[in-house]
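# Inside the fold
Chain by chain, the residues run as shown.
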Amino acid sequence: MTTCLEFRRHVGAEPFAGGAGIEAHRRECAACARHQDELRAMDAVIRRALDVRLAPRGDAAPLPARAQRTRFLAIAASLVAGVAAALVVLVAAPRAAIAREVVAHVQHEPGATGSGAPLSAAAVEAVLRPAGMRLGTGAGAVSFAARCVFDGRVVPHLVVRTPEGPVTVLVLSHRTVSRPVRFDEQGYAGVVLPAPRGSIAVVGQGVPDLDAIARQVFEAVDFGA
Amino acid sequence: MNRADGETDRRRRFGSLCESLRPDLLRFAWWLGRDRGLAEDVVQEALLRAWKSFDSLADEGKAKAWLLTIVRREFARSFEKKRLELSDVDALVAAESAVLAAPEDERLAQMREAIFRLDEEYREPLVLQVLMGYSTQEIADMMGMQQGAVLTRLFRARARLRQQLGLAAEPES
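Structure report, in brief. (Residues numbered from 1 in each chain as written. Chains lettered and ligands numbered in written order. Predicted model: local features only at pLDDT ≥ 70, side-chain atom pairs only at ≥ 80, totals over all residues. Heavy atoms only, no water.)

### Considering the overall build of chain A
- The number of helices and strands found in chain A is 7 helices and 8 strands.
- Within chain A, buried positions represent 47% of all 225 residues.
- Summed over all atoms, the accessible surface of chain A reaches about 10500 Å², with 56% contributed by carbon and sulfur. (Helix = DSSP H or I, 4+ residues; strand = E, 2+ residues; numbered from the N terminus. Buried < 20%, exposed > 50% of the residue type's maximum accessible area, 1.4 Å probe, protein only. Areas by Shrake-Rupley, 256 points an atom, 1.4 Å probe, with all protein chains shown as cover.)

Printed below as a string of structure tokens:
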């Protein structure tokens, strides 16, 4: 049985860690579950902070030193209120937008109905590899795989066949969410899950247990390929 | 394929890898050295070394990890030469303020600076994990460490960030 200390050491190093022990402890301890959610939210900010844009040498002028001091002093004030406050900024505004964008994309993607024959592993890999990902066998057969333009970025778009029906999977490396965002729009039910890099949207129509399927898909994705 | 065609193909493949991976290599080198000029020099030198040993790369799918490892080694060489110049973190913050700035998001700039101020032993695995997407085992392999040591560093990296940002620190034991 995982103790609170073990759980926190584990998720402190790997906020997106899963596994039976972690999941069981999350269910038993709301404080630890919240702590992991906070760490995941913080990782979303870390990910964006690390993604610096490096202009060629000599292009940019340094900021005044005073601005630097002021900015750093604002750290505590800005984040001491907790990552929950940050989540409002991070998640609340884009929440509705991301659902609408995902549904609009699914509606307008020709050929992505999931009715085709299963694709080869190589075909799926070719779509995921540029995003640095791989799909394991646990997700189910993939009947559609393409690199699509979403929100101005090229993202992998898959249709995975499940016993409950086909689900669409969009890998949104550039869009972060701090916790699962569920939506139900225009006949589509979906969930956007936080991922080590960005997020993953799983969308279906009339799929009874979308959360379980989304988790299954999520766990089949290797983000370190 | 004759010899000339083979060389052309080799150059094309290497050029393609450089084009797609250079931004990540540069970002990684910058987070290691916290100096844009140093990062550019390190990446340039690393790519030259990579070109010379390109034939040793058996699987081009693993090119990114291979190049990052070369950048690490090159950085270690270059850093020895510049260690004294890079000892003042406040001066580094001022010098790299343009890269650290995020005018559209103050909170992002704060986090960026907090990461910038982390010790290298914590900053590097954090960059490899969060930005580059490597597993802790892969990071351990790249850094020549045990996985447990990487986990400890990652835990401490986040704990220090929380501390720097005024959030409650986590007990380590």
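### Some remarks on the overall build of chain B
- Along its length, chain B carries 9 helices and 0 strands.
- The secondary structure elements of chain B, listed N-terminal to C-terminal, are α-α-α-α-α-α-α-α-α.
- Considering chain B as a whole, with its 173 residues, one finds that 53% of them fall into the buried category.
- Sequence separation of at least 24 residues holds for 63% of the intrachain contacts in chain B that already meet a minimum separation of 6.
- A total accessible area of about 8000 Å² is found for chain B, and carbon and sulfur atoms account for 47% of it. (Contact = heavy atoms within 4.5 Å.)

### Let's talk about helix 7 (residues 120–131) of chain B
Residue and element names in this part refer to chain B.
- Here helix 7 is 12 residues long and its end C-alpha atoms lie 15 Å apart, about the 16 Å a rise of 1.5 Å per residue gives.
- With 10 of 12 residues buried, helix 7 lies mostly within the body of the structure.
- If you check which residues of helix 7 are buried, you get Tyr122, Arg123, Glu124, Pro125, Leu126, Val127, Leu128, Gln129, Val130 and Leu131. (Expected span 1.5 Å × (residues − 1).)

### Points about the state of the cysteines
- Inspection of every chain in the model, using the stated rule, returns 0 disulfides over all chains.
- Cys32 of chain A carries a free sulfur, and the closest cysteine sulfur to it, the one in Cys29 of chain A, is 3.5 Å from it. (Disulfide = S-S within 2.5 Å.)

### A word on the environment of Leu57 of chain B
Residues and elements named next belong to chain B.
- When you line up the elements, Leu57 lands in the loop between helix 2 (36–52) and helix 3 (63–82).
- Owing to a relative accessible area of 12%, Leu57 belongs among the buried residues under this scheme.
- Leu57 has contacts with Leu17, Lys62, Ala63 and Trp66, leaving out every residue within four places of it along the chain.

### A short note on the packing of helix 1 (residues 4–13) of chain A against helix 2 (residues 20–28) of chain A
Residues and elements named next belong to chain A.
- Viewed as axis vectors pointing N to C, helix 1 and helix 2 meet at an angle of 120 degrees, and their least axial separation amounts to 11 Å. The angle between helix 1 and helix 2 places the two elements in the oblique class. The chirality of how helix 1 crosses helix 2 is left-handed. For the pair formed by helix 1 and helix 2, the contact residues are Cys4, Phe7, His10 and Val11 on the first element and Ile22, His25 and Arg26 on the second.
- Grouping the constituent residues of the contact of helix 1 with helix 2 by class yields 4 nonpolar, 2 polar and 1 charged. (Axes fitted to C-alpha atoms, helices over the stretch in contact; angles between N-to-C directions. Parallel < 35°, antiparallel > 145°, perpendicular 65-115°, else oblique. Left-handed = near helix turned anticlockwise from the far one by under 90°. Nonpolar A, V, L, I, M, F, W, Y, C, P; charged D, E, K, R; others polar.)

### Description of the packing of aromatic side chains
Residues and elements named next belong to chain B.
- For the structure shown, the criterion picks out 7 aromatic pairs over all chains.
- Look at Phe14 and Phe54: their rings are 5.1 Å apart centre to centre, the planes differ by 70 degrees, and that puts the pair in the edge-to-face class. Pair noted here: Phe14 is in helix 1 (residues 3–33) and Phe54 is in the loop between helix 2 and helix 3, with a separation of 40 residues, a long-range link. Summarising the burial analysis for this pair, Phe14 and Phe54 share the class buried.
- Geometrically, the ring pair formed by Trp51 and Phe54 is stacked, given 6.5 Å between the ring centres and 25 degrees between the ring planes.
- For Trp51, a relative accessible area of 22% translates into the label partly exposed.
- Of the residues examined, Phe54 reaches a relative accessible area of 3% and is grouped as buried.
- Taken together, the ring pairs connect Phe14, Trp51, Phe54 and Trp66 into an aromatic cluster.
- Stacked on the ring of Trp51, the Lys or Arg Arg10 has its end atom at 4.2 Å from the ring centre. (Phe/Tyr/Trp six-rings, centres within 6.5 Å; stacked < 30°, edge-to-face > 60°. Lys NZ or Arg CZ within 6 Å of the ring centre and 35° of its normal.)

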